[in-house]
Amino acid sequence: MATKTKRQKPKSRAAAKKPARKVVKLASAKKPAKKANGNGLPKPSNKPYGQAGLALQGVRILDFTHVQSGPTCTQLLAYMGADVIKVERPGAGDITRGQLRDVPNADSLYFTMLNGSKRSITIDSKHPKGMDILNRLIKTCDVLVENFAPGALDRMGLTWEYIHKLNPRMIVASVKGFGPGPYEDCKVYENVAQCAGGAASTTGFREGPPLVTGAQIGDSGTGLHLALGIVSALYQRIRTGRGQKVLCAMQDGVLNLTRVKLRDQQRLAHGPLTEYSQYSEGVPFGKAVPRAGNDSGGGQPAWLLKCKGWENDPDAYIYFITQAPVWGAICDLIGEPTWKTDPDYATPKARLPRLKKIFARIEEWTMTKTKFEVMDICNAVDIPVGPILSMKEIAEDESLRATGTVVEVDHPTRGKYLTVGNPIKLSDSPADVRRSPLLGEHTEEILSKVLGYNGAQIAEIKASGAITAPDKSKAAA
Ligand code: CAO
């Protein structure tokens, strides 16, 4: 609730003359919606669900992203229906096009799986004509997304002030490694962020070194955060009529995903972390949250257990959670019915110092079954378990294909490949998952259809070298 301060600042004369409130006319206020309810909002569409256009239809993104973090963000926005125009350096493009190549002369999977559903235009941003094109793009786009090294966008001349003057509605969204502070100028890749965000120090086994995870929480995780920031800024712009800066630091994104460990850091001040197996093993805690192996990060003790075939299959494991309400069912399954009433095992508190023994006993049982059998048997009695699925199993999983989470697309130079579709399912906005563009595939289309250049102007731009790779033979001569 707003409270009145006793000493209010005296108003200057100039300020006193100003009207109390300036009425800002929003672009959206110019034309009243045709079909409006009494409250000015559009009437609910009567089109069948999924046929009323995509969620971000009409949003145009100037995509200056590269590598992984930024492209993850813009790919999600493209899946949601935004027109994502990816700007790439002529002749070179996003560096990942050529990284970790599996098919000679074809864009790598690294690139294709992060840049689906986008259009590609090549522009040399350091060429005067290239800058003219960028100016036009800035005027016509809603969001500029970038993840250059700190200062690179400014060095191109695209400062916030410059962009905002050209298009006050523009949202400028950036991924950087660190937020303002001692490291703000550093270049950052995935694992740097995992280390600086607290994930690595809390991942791995107590006896071993810190570990980075396979999930790209620094890059893709931050891209996901940025997408939420962009959509929020678009929503706020409906009210304010103006764009804003959106910044996601990778360190912050990782910390957000590792917040349960900051929780545990504070709990340490009040005693040992009793759900960590270190406690049941009688190993004292130090000053910082330790690595906890495969312990559960929550309040239900859990561990990773071997299943039938583990000797030859590195993924024959199941993650087993001893959720308190189903303790009785667990005891029956593993053939220890007396543990249901035995005071040493009957309550979660009594079990805590005996977790090692308990999981060893459960593992004796899981080792007699495949991970899928354990899954079926346990889920039938509500015991939460998770099979360790290999990437091979995931790639072949029919249900993931059926939901569009794993999608096969066809590419003109590399042929068919699998990609991850939209993990966020909207009932009225089916995901628009298409292959990634070739380098500069849409340059002319965007110049003419989006920016209105005519044929002669496009020829002139081409001849200038602003959208084409420098001629190496001329450079050598
Ligand atoms: N035309 C002309 N020049 C272009 C261009 C274009 N279309 N697109 C990019 N460039 C130029 C930039 O202007 C910049 O030039 P200057 O340094 O001379 O100003 C240069 O290309 C490269 O930019 P960069 O420094 O961002 O690239 P890098 O490969 O050296 O660094 C990375 C890569 C990822 C470490 C750095 O971009 C970064 O720290 N980004 C922020 C954090 C981030 O997103 N990290 C995740 C990466 S994924 O693991």
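Refer to the preceding data block for the structure.
Residues numbered from 1 in each chain as written. Predicted model: local features only at pLDDT ≥ 70, side-chain atom pairs only at ≥ 80, totals over all residues. Heavy atoms only, no water.

1. A look at the nonpolar core
Piece 1. In terms of nonpolar packing, the biggest core is built from 31 residues, with Phe64, Ile133, Leu134, Leu137 and Leu158 touching the most fellow members.
Piece 2. Taken together, the elements giving at least two residues each to this core come down to β1 (60-64), β2 (83-88), α5 (128-140), α6 (152-155), α7 (160-166), α19 (443-450) and α20 (455-464).
Piece 3. For this core, the element with the most residues is α5, which contributes five residues.
Piece 4. Ignoring anything within four residues of it in the chain, the contact list for Ile133 reads Ile123, Leu447, Leu451, Tyr453, Ile461 and Ile467.
Piece 5. With 28 residues, the next largest nonpolar core counts Leu77, Ala78, Ala199 and Leu234 among its residues. (Core = buried A, V, L, I, M, F, W, Y, C linked by side-chain atoms within 4.5 Å. Buried < 20%, exposed > 50% of the residue type's maximum accessible area, 1.4 Å probe, protein only. Helix = DSSP H or I, 4+ residues; strand = E, 2+ residues; numbered from the N terminus. Contact = heavy atoms within 4.5 Å.)

2. Looking at the site of the ligand
Piece 1. Near the ligand you find 23 residues, and of these Arg89, Ala149, Lys187, Val188 and Asp219 are the closest.
Piece 2. Residue Arg89 places a side-chain N or O atom 2.7 Å away from an oxygen atom belonging to the ligand.
Piece 3. Take Val188: an N or O atom from its main chain is 2.7 Å from a nitrogen atom of the ligand.
Piece 4. Here the ligand, which alone exposes 950 Å², has 84% of that area covered by the protein. (Near = heavy atom within 4 Å. Polar contact = N/O pair within 3.5 Å; in protein donor to acceptor, adjacent residues only side chain to side chain. Areas by Shrake-Rupley, 256 points an atom, 1.4 Å probe, with all protein chains shown as cover.)

3. Structural notes on helix α13 (residues 327-334)
Piece 1. Looking at α13, one finds that the buried residues are Trp327, Ile330, Cys331 and Ile334. End-on view of α13: buried residues confined to an arc of 100°, all on one side of the axis.
Piece 2. Residues of α13 that are buried make contact with β8 (317-321), α14 (348-351) and α15 (355-366).
Piece 3. Of the residues one or two after α13, Gly335 is the one with positive phi, at around 80°. (Arc of directions from axis to C-beta.)

4. Section: the side chain of Lys261
Piece 1. Relative to the elements of secondary structure, Lys261 occurs in helix α11 (residues 259-267).
Piece 2. Of the buried charged residues, Lys261 lacks a salt bridge, with Asp264 as the closest side chain of opposite charge at 4.5 Å.
Piece 3. Residues contacting Lys261, with those up to four places away along its chain left out, are Thr202, Tyr276, Val289 and Ala292. (Lys, Arg positive; Asp, Glu negative; His and termini not counted. Salt bridge = Lys/Arg side-chain N within 4 Å of Asp/Glu carboxyl O.)

5. With respect to the state of the cysteines
Linking two cysteines covalently via their sulfur atoms produces the bond known as a disulfide.
Piece 1. Tallied over the full model, the rule gives zero disulfides.
Piece 2. In this model Cys186 remains outside any disulfide bridge; the closest cysteine sulfur is found in Cys195, 13 Å from its own.
Piece 3. Since its relative accessible area comes to 30%, Cys186 is described here as partly exposed.
Piece 4. Cysteine Cys248 remains unbridged, with the sulfur of Cys73 as its closest cysteine sulfur at 8.1 Å.
Piece 5. Here Cys248 falls in the buried class, since its relative accessible area comes to 13%. (Disulfide = S-S within 2.5 Å.)

6. A look at the packing of aromatic side chains
Piece 1. A complete count under the given rule lists five aromatic pairs for this structure.
Piece 2. Geometrically, the ring pair formed by Trp339 and Tyr345 is stacked, given 4.2 Å between the ring centres and 5° between the ring planes. With respect to class, Trp339 is no different from Tyr345; both count as buried.
Piece 3. Counting every residue linked through ring pairs, the aromatic cluster contains Trp327, Trp339 and Tyr345.
Piece 4. Residue placement shows Arg136 over the ring face of Tyr453; its charged tip is 3.8 Å from the ring centre.
Piece 5. Its guanidinium or amino end placed over the ring of Trp327, Arg351 lies 4.0 Å from that ring's centre, counting from NZ or CZ. (Phe/Tyr/Trp six-rings, centres within 6.5 Å; stacked < 30°, edge-to-face > 60°. Lys NZ or Arg CZ within 6 Å of the ring centre and 35° of its normal.)

7. Thoughts on unusual backbone geometry
Piece 1. Here the phi dihedral of Leu100 falls at roughly 55°; this positive angle occurs in a residue that is not glycine.
Piece 2. Considering the arrangement of structural elements, one finds Leu100 in the loop between β2 and α4 (109-112).
Piece 3. For Leu100, a relative accessible area of 71% translates into the label exposed.
Piece 4. For Asp382, which is not glycine, the phi dihedral falls at a positive 70°.

8. Things to note about the sheet that holds strand β9 (residues 385-387)
Piece 1. Taken in spatial order, the three strands of this open sheet run β7-β8-β9, and their pairing is antiparallel. Of all strands in the sheet, those with a lone pairing partner are β7 (302-306) and β9, marking the two edges. Each neighbouring strand pair of the sheet contributes to a mean axis angle of 20°, computed without reference to strand direction.
Piece 2. Note: β7 against β8, five bridges, orientation antiparallel. Its bridge partner being in β8, Lys306 is matched across the sheet by Tyr317.
Piece 3. Where α15 meets the sheet, it contacts β7 and β8, and its direction lies at approximately 35° from that of β7. (Pairing = 2+ DSSP bridges. Axes fitted to C-alpha atoms, helices over the stretch in contact; angles between N-to-C directions.)

9. Overview of the pattern of salt bridges
Piece 1. Under the definition given, this model contains 25 salt bridges.
Piece 2. Arg354 is paired through a salt bridge with Asp344; the nearest N and O atoms lie 3.4 Å apart. Here Arg354, found in the loop between α14 and α15, pairs with Asp344, found in the loop between α13 and α14; they are 10 residues apart in sequence, far enough to count as distant.
Piece 3. Notably, a salt bridge pairs Arg361 with Glu364, separated by 3.3 Å at the nearest N-O pair. You can see Arg361 and its partner Glu364 sitting in helix α15, three residues apart, about one turn around the helix.

10. Comments concerning helix α3 (residues 69-79)
Piece 1. The element α3 is extensively covered by neighbouring structure, given that 11 of its 11 residues are classed as buried.
Piece 2. A positive phi of about 110° marks Gly81, the residue just after α3.

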